[in-house]
Amino acid sequence: MARETSRTDDRTGIERELKRGSLELIVLHLLEPGEAYGYEIVTKLTTQTNGSLGVTDGTLYPVLYRLERAGFVAVRWETPERGVPRKYYGLTDSGRDELARLTHEWTSFVRAMAKLLANEEDT
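From a predicted model like this one, the values you see are computed outputs, not experimental measurements. (Residues numbered from 1 in each chain as written. Predicted model: local features only at pLDDT ≥ 70, side-chain atom pairs only at ≥ 80, totals over all residues. Heavy atoms only, no water.)

Turning next to the sheet that holds strand S3 (residues 86–91). Across the sheet, three strands lie side by side as S1-S3-S2; this open sheet has antiparallel pairing. The strands lining the two open edges of the sheet, one partner per strand, are strand S1 (36–37) and strand S2 (73–78). As judged from the two bridges shared by S1 and S3, these two strands associate in the antiparallel manner. Among the inter-strand pairings, Tyr 37 is bridged to a residue of S3, identified as Tyr 88. The sheet strands contacting helix H3 (residues 57–69) are S2 and S3, and the helix crosses S3 at an angle near 55°. (Pairing = 2+ DSSP bridges. Helix = DSSP H or I, 4+ residues; strand = E, 2+ residues; numbered from the N terminus. Contact = heavy atoms within 4.5 Å. Axes fitted to C-alpha atoms, helices over the stretch in contact; angles between N-to-C directions.)

Below, the structure written as structure tokens:
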């Protein structure tokens, strides 16, 4: 039974690392259509992936802060008539450039992995 737990832990670790390596791309992609606030980004990710991918606030906000510091997202505050102020994030021009760069990188990676796995199946 300890062996099954180890395999599950390894799989969870791989999924975590893949997610960590792609979160900037994910967030920039979700902001491409327009501004969104944190909870909205979390909801979009969960909805658009049918729950396959999800992040917590504790994972999302450090990514948003890094993207803001890098100049890839701009921030504005809005206070609704009722409720608390919300911090909206939107892509900058350099954020759009970074989204294109990361999308190209990810697409190249996926193609290479698909080719590698197809070759393994042929053997």
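What follows concerns the environment of Leu 60. Tracing the backbone through its elements, the reader meets Leu 60 in helix H3. On a C-alpha basis, the gap between Leu 60 and Ile 41 in space is 8.6 Å, while along the polypeptide they are 19 residues apart. Those residues in contact with Leu 60 that sit more than four places away from it in its chain are Val 27, Gly 38, Ile 41, Val 42 and Val 55.

The next subject is a nonpolar patch on the surface. Together, Trp 106, Phe 109, Val 110, Met 113, Leu 116 and Leu 117 line one region of the surface with nonpolar side chains, adding up to about 510 Å² of accessible area. Relative to the assigned elements, Leu 116 resides in helix H4 (residues 93–122). (Patch = residues over 30% accessible without salt bridge, like charges linked within 9 Å, V, L, I, M, F, W, Y side chains within 5 Å. Areas by Shrake-Rupley, 256 points an atom, 1.4 Å probe, with all protein chains shown as cover. Salt bridge = Lys/Arg side-chain N within 4 Å of Asp/Glu carboxyl O.)

A few words now on the packing of helix H2 (residues 38–48) against H3. Packing of H2 against H3 brings their axes to within 10 Å, and their N-to-C directions diverge by 115°. When the axis of H2 is compared with that of H3, the two are roughly perpendicular. Read as a crossing pair, H2 and H3 show a hand that is right-handed. Across the interface between the two elements, Gly 38, Tyr 39, Ile 41 and Val 42 from H2 touch Asp 57, Leu 60, Tyr 61 and Leu 64 from H3. For the contact of H2 with H3, a count of residues per class yields six nonpolar, one polar and one charged. (Parallel < 35°, antiparallel > 145°, perpendicular 65-115°, else oblique. Left-handed = near helix turned anticlockwise from the far one by under 90°. Nonpolar A, V, L, I, M, F, W, Y, C, P; charged D, E, K, R; others polar.)

Most peptide bonds are trans, and most residues other than glycine sit at a negative phi. The backbone phi angle of Asn 50 is positive, close to 50°, even though this residue is not glycine. Summarising the element assignment, Asn 50 is placed in the loop between H2 and H3.

Let us look at the packing of aromatic side chains. Summed over all chains, the structure comprises three aromatic pairs. Ring centres of Tyr 37 and Tyr 88 lie 5.4 Å apart, and the angle between their planes is 80°; on these two criteria the pair is classed as edge-to-face. Here Tyr 88 lies in strand S3 and Tyr 37 lies in strand S1, a separation of 51 residues in the sequence. Here Tyr 37 matches Tyr 88 in class, with each residue buried. Judged by centre distance (6.2 Å) and plane angle (35°), the rings of Tyr 61 and Tyr 65 are tilted. Remark: Tyr 65 and Tyr 61 occur in helix H3; sequence separation between them is four residues, near one turn of the helix. For Arg 76, the ring lying beneath its charged end belongs to Tyr 88, and the centroid distance is 4.8 Å. Positioned above the aromatic ring of Tyr 37 is the side chain of Arg 86, whose terminal nitrogen or guanidinium carbon lies 4.2 Å from the ring centre. (Phe/Tyr/Trp six-rings, centres within 6.5 Å; stacked < 30°, edge-to-face > 60°. Buried < 20%, exposed > 50% of the residue type's maximum accessible area, 1.4 Å probe, protein only. Lys NZ or Arg CZ within 6 Å of the ring centre and 35° of its normal.)

By themselves, these observations are geometric and do not establish any function.
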